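# Structure assessment
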Amino acid sequence: MLILILVCATCLIPALWTLSTGFKTSQEIYTSAKFFPENLTWAGIKDSLSLAWTSMDATRSSLNTLVISIGATIFCLVIDGLGGYVLSRLKPTGTKLIFTLIVWTMMMPRQIRTVPLFISYMNWPLVANTSWQVSLMNTYWPMILGAASGAFTVMLFKNNFDAISISLVEAAKLDGCGNMRIFFNIMVPLSVPIIMYVAIGSMRAPWGDFFGPYLILTDKTRYTLPVTIFSLQTDPSVKMNTYMLCLILSSIPGLLIFVLFQKYIVGGVNVGGVKG
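Reference entry: report on the structure contained in this document.

The rules behind the values
Position numbers for residues start from 1 in each chain and track the written sequence from start to end. Only residues with pLDDT of at least 70 get local features here, since the model is predicted, and only at 80 or more are side-chain atom pairs given and counted; chain-wide, interface and lining totals rely on the full set of residues. Just so you know, side-chain values use all the structure's heavy atoms and leave hydrogens and water out. Helix and strand assignments come from DSSP, with helices taken as H or I runs of at least 4 residues and strands as E runs of at least 2, each series counted from the N terminus. Classification of residues uses two cut-offs on accessible area relative to the type maximum, computed with a 1.4 Å probe and protein chains only: under 20% is buried, over 50% is exposed, and between them is partly exposed. Accessible areas in this description were obtained via Shrake-Rupley with a 1.4 Å probe; residue shielding takes into account the shown protein chains only. The charge count includes Lys and Arg as positive and Asp and Glu as negative, but it does not include His or the ends of the chains. Charge positions are represented by NZ for Lys, CZ for Arg, CG for Asp and CD for Glu. One side-chain nitrogen of Lys or Arg within 4 Å of one carboxyl oxygen of Asp or Glu is enough to make a salt bridge. Note on definitions: the grid is 1 Å and covers protein atoms alone; a cavity is a set of points where a 1.4 Å probe fits but cannot get out; a pocket is an open set with protein on both sides within 12 Å along at least five of seven lines; lining residues have an atom within 4 Å of a point. Grid points are joined across faces, edges and corners, and a volume is the space filled by probe spheres set on the points. Gly falls in the polar group here, along with every residue not listed as nonpolar (Ala, Val, Leu, Ile, Met, Phe, Trp, Tyr, Cys, Pro) or charged (Asp, Glu, Lys, Arg).

### Quick notes on the overall build of the protein
Broken down by element type, the protein carries 15 helices and 0 strands. With the principal axes as the frame, the protein shows a C-alpha extent of 75 × 60 × 30 Å. Per-residue burial for the protein yields a buried fraction of 36% across its 276 residues. Within the structure as shown, the protein displays about 16700 Å² of accessible surface, and the carbon and sulfur contribution to it stands at 70%. Positive and negative side-chain charges in the protein, numbering 18 and 11 respectively, have mean positions lying 7 Å apart.

As structure tokens, then:
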């Protein structure tokens, strides 16, 4: 019990201190080490939150992040789900090699892929040597497509599909079902826990992703929430207390997703670890 209390305190104290700093005056922040702000009123709390919301343009940046979140979730479920199904049930030539290479990419540091991906986004490789010049810079597609190339997600889907009885698939084939119908009518309904787990992770990730959007997005009206927060550091009109409240507000969406769907996260981990 004591260890749990210490762990909780270690996790909560920095966040609580950030929240407390957000309601302090500039003088209190730099001259006082007290945890609680002085002369705190409901009117002051409301004004501070309103100023932080306006400073970070929370409505616009949240909608931008939501667009990426929804797109990434859809593409991740469809592409990675089909990828796991192919490796699990269709097993084309070289399946073991393909799966080994996919798992190997999980050990590759993200920094190694940054430059090649950035060049690809500037000039899409499929049409790089043609008269068509396609650039994905300053769009949300790099983040959406990047979410759909998750090796860990493909592995989760594959392990989950491996655990489903082969007799169900064979019975569906005898009834004349094709591969796509088997996937959507049999595999998907039996894989709801893992689908929920992947969907929650894909939906939550963009709310904390800074590096990718920071490299790709150049138009401030397209900034996601983390990039908007970072840009406030160079704004002299945003004081430290306002900036701290912006950090707290930006963490709320990801926290809400985790709190509301935590049972599906635990269930998805348990199902994804089963090997048939």
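### Points about the environment of Gly-83
Turning to its location among the elements, Gly-83 is positioned in helix 4 (residues 58-90). The spacing of Gly-83 and Ile-252 is 169 residues in sequence and 33 Å in space, taken between C-alpha atoms.

### Thoughts on the pattern of salt bridges
Following the criterion strictly, the structure yields 3 salt bridges and no others. Residues Glu-38 and Lys-34 are paired through a salt bridge, measuring 3.2 Å at the closest nitrogen-oxygen approach. Between Lys-158 and Asp-162 there is a salt bridge, and its shortest N-O distance comes to 2.9 Å. One end of the pair is Lys-158 and the other is Asp-162, both in helix 8 (residues 151-162) and 4 residues apart, which spans about a single turn. Comparing Lys-158 with Asp-162, the two get one shared label, buried.

### Side note on the layout of surface pockets
Space inside the largest pocket adds up to approximately 1000 Å³. Lining the largest pocket are 36 residues, with Arg-110, Arg-113, Gly-146, Ala-147 and Ser-149 positioned closest to its centre. When contributions to the lining of the largest pocket are tallied by element, the ones reaching two or more residues are helix 4, helix 6 (110-122), helix 7 (141-147), helix 8, helix 11 (192-204) and helix 12 (211-216). Looking at the lining of the largest pocket residue by residue, the class counts come to 23 nonpolar, 10 polar and 3 charged. Considering only enclosed or pocket space, the second largest pocket measures out at about 450 Å³ in volume. The wall of the second largest pocket is formed by 24 residues, among which Leu-247, Ile-248, Ser-250, Ser-251 and Ile-252 lie closest to the centre. Those elements giving two or more residues to the lining of the second largest pocket turn out to be helix 1 (2-22), helix 13 (225-231) and helix 14 (240-260). Counting residues per element, the lining of the second largest pocket draws most heavily on helix 14, at 11 residues. Its residues assigned to classes, the lining of the second largest pocket comprises 19 nonpolar, 4 polar and 1 charged.

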